[in-house]
Amino acid sequence: MTQIPARPFGFPLARDQVALIIIDMQRDFVEPGGFGASLGNDVRPLQAIIPAVARLLAGFRVAGLPIFHTREAHRPDLSDCPPAKRLRGAPALRIGDAGPMGRVLIKGAPGCEIIPALTPLPDEPVIDKPGKGAFYATDLGDQLAARGITQLVCAGVTTEVCVQTTMREANDRGFECLLATDATESYFPSFKAAAIEMIVAQGGIVGWATDTDAILGAING
């Protein structure tokens, strides 16, 4: 079994059971003028990881390994968006409001789409999730089980919210998770650093962490 150099120790890659999951690299979070920017966030750190995510995506495609994409996306009637989520705080835009890229985080709106640089191929499932984690109220678990997946390489945004939540959900379901540290980002650098430390703490209580080069070297070696 191949060991990928990682924190807190080598990740035991099972090449026939691993998939890549790219979390929420959608226009509303990553591009200027989107929902993330409307909250007062600087989107440049998120844009800076696009090349690393693209390399990871290309590497998994070359290796012929499964790839999943997620989008935080709600129904147009907001029936899957509880008030506790939609009404929190006093943002300039709320989920479902009309923004520069259409209704914010609504299925089918331009802002909800994955950025062009990471456009999924037709055989790459796209999971529309109403929550922060990719397993909540989705069929992701069933899709992974159908493919015999037991390990997930995780990338995307934001590290401390949707990425970490997905990794924790996956860990509870028995998946081994490896975070690509240069292919994930937060609007707040200290939050990213803290999230990674929480993931690898106590012998990898949530999972492992390493960089894209180490991952690609193992899957394409």
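Residues numbered from 1 in each chain as written. Predicted model: local features only at pLDDT ≥ 70, side-chain atom pairs only at ≥ 80, totals over all residues. Heavy atoms only, no water.

Here we look at the overall build of the protein chain
Of the regular secondary structure elements, the protein chain holds 9 helices and 10 strands. Taking 17 Å as the expected radius of gyration for a compact globule of 221 residues, we find that the protein chain reaches 17 Å, a close match to that expectation. Taking all 221 residues of the protein chain together, the buried fraction comes to 52%. In the protein chain, once contacts between residues fewer than 6 apart in sequence are set aside, the share between residues at least 24 apart is 73%. Looking at the protein chain as shown, the accessible area adds up to about 9300 Å², and 56% of this sits on carbon and sulfur atoms. Positive and negative charge centroids in the protein chain, built from 20 and 24 side chains respectively, lie 4 Å apart. (Helix = DSSP H or I, 4+ residues; strand = E, 2+ residues; numbered from the N terminus. Rg over C-alpha atoms; globule rule 2.2 N^0.38 Å. Buried < 20%, exposed > 50% of the residue type's maximum accessible area, 1.4 Å probe, protein only. Contact = heavy atoms within 4.5 Å. Areas by Shrake-Rupley, 256 points an atom, 1.4 Å probe, with all protein chains shown as cover. Lys, Arg positive; Asp, Glu negative; His and termini not counted. Charge placed at Lys NZ, Arg CZ, Asp CG, Glu CD.)

Brief notes about the packing of helix α7 (residues 159–172) against helix α8 (residues 189–204)
The angle between the axes and the distance between the axes are what describe a pair of packed helices. The N-to-C vectors of α7 and α8 enclose an angle of 15 degrees; their axes lie 10 Å apart at closest approach. For the element pair α7 / α8, the angle class is roughly parallel. Here the hand of the crossing between α7 and α8 comes out right-handed. Contacts between α7 and α8 involve T159, E160, Q164, M167 and R168 on the former and, on the latter, F191, K192, A195, I196, M198 and I199. Residue composition of the contact of α7 with α8, by class: 6 nonpolar, 2 polar and 3 charged. (Axes fitted to C-alpha atoms, helices over the stretch in contact; angles between N-to-C directions. Parallel < 35°, antiparallel > 145°, perpendicular 65-115°, else oblique. Left-handed = near helix turned anticlockwise from the far one by under 90°. Nonpolar A, V, L, I, M, F, W, Y, C, P; charged D, E, K, R; others polar.)

Let's talk about unusual backbone geometry
Cis geometry is adopted by the peptide bond preceding P8, which originates at R7 and carries an omega value of 0 degrees. Residue position: P8 is located in the loop between β1 (2–4) and β2 (11–13). At the junction of V157 and T158, the peptide bond is cis and its omega measures out at -20 degrees in the coordinates. Mapped onto the elements of the fold, T158 is located in the loop between β8 (151–157) and α7. Even without being glycine, Q202 reaches a positive phi, approximately 55 degrees. If you trace the backbone, Q202 turns up in helix α8. A relative accessible area of 70% means that Q202 is categorised as exposed.

Quick look at the side chain of H74
Within the secondary structure, H74 is located in the loop between β4 (67–72) and α5 (83–86). You can call H74 buried: its relative accessible area is 0%. Leaving out residues up to four positions away in the same chain, H74 has contacts with D80, C81, K85, I95, L105, I106, K107 and P130.

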